[in-house]
Every structure is written in C-alpha cells, then in structure tokens.
Amino acid sequence: MHTVHRRMLLAGACAVLLSCTPLPPAPAPASAPAAPAAVPAPAWQRQGVQLLHIAPDESLLTITVRRGGALARLGHDHVVASRSLQGIVAPAPGRAQLRFRLDEMTVDEESLRREAGLTTTPSADAIAGTRHNMLVRVLEAERYPWVSIEARRTGDQQVFDADITLHGVTRTVRLPVRVEQAADGRSLQASGSLLLKQSDFGIVPFAILGGAMAVQDQMELAFRITARQEVSAPGSGASPGR
C-alpha cells in the first residue's frame, strides 16, 4: 500500500512538472500592455538602403525547453512558438530588427512537437497550464510583453552578433545564420539555431520538490524567417521598436 501511495503522489506531482499545473487563466488586464515606446530609427534605416519586411505567415521561431531533475521521466518536454514575428531586414549592410509578443506564442503544437523529436503527449489541460505558468510565473509577460532581437553581420558572412532582449534583460550572442536571397533581391530566407540559458536573462527556471522535478536552464531556439520587399509590416518604414 505504501508503494501505491507513493506512486499516486508522484503522479500528482507530475502535473506541475515543467509548469504543467492546469491553473485557471489569469484575470484579463484592464487594458492590453502598451507597445514599447517609439525610438529613433537607427542609422542603417535612414541611409536609403533596401529594406525587406518580415512575412509573419511565412516565418516561425520556436523555443524548446526540456525536463530535468531526478524525476524528469515523469514529465514532459515542451516547445513554444511564435508565428507573429514582425520586423525589417537590410540585406546590404547585414542588419535586422525583429520582435514578437510572448502572449501570442503557442505551446506544444502537435506538428512542432514531432519536428522537435518530443515523444510524450501532454494533455490539453497540461498544455493550458504550461502556457499560463510560462506567461505568468516564469516570464512575467504582462510586465515584459515583448522579445526583441537586433542583429548585425560580422566579418563572417554567416555569423551575426545579436542583441536579444527578454524579461527586461539584453544579452549579446553570436548567431550562425544561413541566408538565401532571391536573385532579384526582393526577398530572402534566413534560418539558424542557438542555445540560450534562462538564467542569463534573470529568469528562474521552474522547479518543484527541491529541484527533483524541474525545467532545464538551457533553451533551444530555432528560427526560419522570410522577408519580402512587398510585405507591409506594422509601422512600415519605421523601427520595429515602435
């Protein structure tokens, strides 16, 4: 009986692994969080260079977080995704700005879980709980609603320095990027991936039971971005920081 009781307790605890607790949604704020304050367009946007606008319906950014701790086998890994990227790219100088809202990210789309090689299947309640806890407990999305990235090409044509701002903290990382530009120069596709740590952005990875059930600090970020001259992004012609 003691063994059965312990197993029941572990199964119950599993529901909160990796922020999976199926909590009710947070109360809606009185008004939507304001967009970041307008900032002057950087010099590379004011020099008459060709600008391409990110096409959200053809672009995708994913972040995979994995379970950790001694009882990790009882939980799930997760993949969250943004399909609402906005921003601009200047191919000639090798510069780009983009951003996305945390509260527009999806959690555990079935196709993306398969693509990421995740083999477990969380329930709908677990997915809803994961999203709630990610936004409210971990990322504080009401206070820090936007993630922004500003990238500039280095001497290596396939490596960029990227300033990533998340949770109110900015870190600069080296970002390998594969860029394929159309012959007419009116569109391009960029893809790449990198590893980040939540703690580098002042985020405390979710954990319970003294860390026996936890989310690993490391995150796996991947992106596929399409930018076109014809697309009119929000605030077209201005900085995405608007």
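Cut-off values and rules
Residues numbered from 1 in each chain as written. Predicted model: local features only at pLDDT ≥ 70, side-chain atom pairs only at ≥ 80, totals over all residues. Heavy atoms only, no water. Helix = DSSP H or I, 4+ residues; strand = E, 2+ residues; numbered from the N terminus. Buried < 20%, exposed > 50% of the residue type's maximum accessible area, 1.4 Å probe, protein only. Contact = heavy atoms within 4.5 Å. Areas by Shrake-Rupley, 256 points an atom, 1.4 Å probe, with all protein chains shown as cover. Salt bridge = Lys/Arg side-chain N within 4 Å of Asp/Glu carboxyl O. 1 Å grid on protein atoms, 1.4 Å probe; cavity = no way out; pocket = protein on both sides within 12 Å on 5 of 7 lines; lining within 4 Å. Points joined across faces, edges and corners; volume = space filled by probe spheres on them. Nonpolar A, V, L, I, M, F, W, Y, C, P; charged D, E, K, R; others polar. Polar contact = N/O pair within 3.5 Å; in protein donor to acceptor, adjacent residues only side chain to side chain. Core = buried A, V, L, I, M, F, W, Y, C linked by side-chain atoms within 4.5 Å. Expected span 1.5 Å × (residues − 1). pLDDT = per-residue confidence, 0-100.

1. A few points about the overall build of the protein chain
Reasoning step 1: Scanning the protein chain for helices and strands turns up three helices and 13 strands.
Reasoning step 2: Evaluated residue by residue, the protein chain yields a buried proportion of 45% over its 242 residues.
Reasoning step 3: Relative to all contacts within the protein chain whose residues are 6 or more apart in sequence, the contacts with residues 24 or more apart total 69%.
Reasoning step 4: Carbon together with sulfur atoms contributes 55% to the accessible area of the protein chain, which is approximately 12,600 Å² in total.

2. Side note on unusual backbone geometry
Reasoning step 1: In the Ramachandran plot, Glu140 falls in the positive-phi region, its phi being about 50° despite a non-glycine side chain.
Reasoning step 2: Structurally, the position occupied by Glu140 is in the loop between helix 3 (124-138) and strand 7 (146-153).
Reasoning step 3: Residue classification places Glu140 among the partly exposed positions, given a relative accessible area of 30%.
Reasoning step 4: Positioned with a positive phi, His167 is a non-glycine residue whose angle comes to about 60°.
Reasoning step 5: For His167, the location among the structural elements is in the loop between strand 8 (159-166) and strand 9 (169-176).
Reasoning step 6: With a relative accessible area of 10%, His167 lands in the buried category.

3. Quick notes on the pattern of salt bridges
Reasoning step 1: Evaluation of the coordinates by the stated rule reveals twelve salt bridges.
Reasoning step 2: Here Glu220 and Arg66 are joined by a salt bridge, their closest N and O atoms 2.6 Å apart. With Glu220 in strand 13 (residues 213-228) and Arg66 in strand 2 (residues 60-68), the pair connects residues that are 154 residues apart, well separated along the chain.
Reasoning step 3: Taking relative accessible area as the criterion, Glu220 reaches 26% and is therefore assigned partly exposed.

4. Remarks on empty space enclosed by the protein
Reasoning step 1: On inspection of all chains with the given rule, the structure shows two cavities of 30 Å³ or more.
Reasoning step 2: Taken as a whole, the largest cavity spans an internal volume of roughly 350 Å³.
Reasoning step 3: In terms of lining residues, the largest cavity is bounded by 26 residues, among which Ile63, Val65, Met134, Leu139 and Met219 are the most central.
Reasoning step 4: Of the residues that constitute the lining of the largest cavity, the class distribution is 22 nonpolar, four polar and no charged.

5. What to know about the side chain of Asp77
Reasoning step 1: Take Asp77: it is sitting in the loop between strand 2 and strand 3 (78-82).
Reasoning step 2: At 3.5 Å, the side chain of Asp77 and the side chain of Arg66 are in polar contact.

6. Digging into the nonpolar core
Reasoning step 1: Ile63, Leu102 and Leu196 are the most contacted members of the largest nonpolar core, which has 42 residues in total.
Reasoning step 2: Considering each element in turn, this core owes the most residues, six residues, to strand 13.
Reasoning step 3: Judged by nonpolar contacts, the second largest core, of five residues, contains Leu60, Val79, Ala81 and Leu112.

7. Re the environment of Arg153
Reasoning step 1: Note that Arg153 resides in strand 7.
Reasoning step 2: Excluding residues that lie within four positions of it along the chain, Arg153 makes contacts with Pro91, Ala92, Pro93, Gly94, Val159 and Phe160.
Reasoning step 3: Polar side-chain contacts of Arg153 include one of 2.9 Å to the backbone oxygen of Ala92.

8. Let's talk about helix 3
Because an α-helix packs 3.6 residues into every turn, residues spaced three or four apart end up facing the same way.
Reasoning step 1: Relative to the 21 Å expected for 15 residues at 1.5 Å per residue, helix 3 spans 20 Å between its end C-alpha atoms, a close match to the ideal helical length.
Reasoning step 2: Among the residues of helix 3, Ala126, Gly129, Thr130, His132, Asn133, Met134, Leu135 and Val138 are the ones counted as buried.

9. Points about the confidence of the model for the protein chain
Reasoning step 1: Per-residue pLDDT for the protein chain averages 80, and the proportion of residues at 70 or more is 69%.
Reasoning step 2: This stretch, residues 1-19, has a pLDDT under 50; its non-local contacts, to residues over four places away or in other chains, come to 36 contacts.
Reasoning step 3: Across residues 36-40, confidence stays below pLDDT 50; counting only partners more than four residues off in sequence or on other chains, it has ten contacts.

10. With respect to the side chain of Ser82
Reasoning step 1: Inspection of the secondary structure puts Ser82 in strand 3.
Reasoning step 2: Each residue touching Ser82, except ones within four places of it in the same chain, is listed here: Ser59, Leu60, Leu61, Phe100 and Met105.

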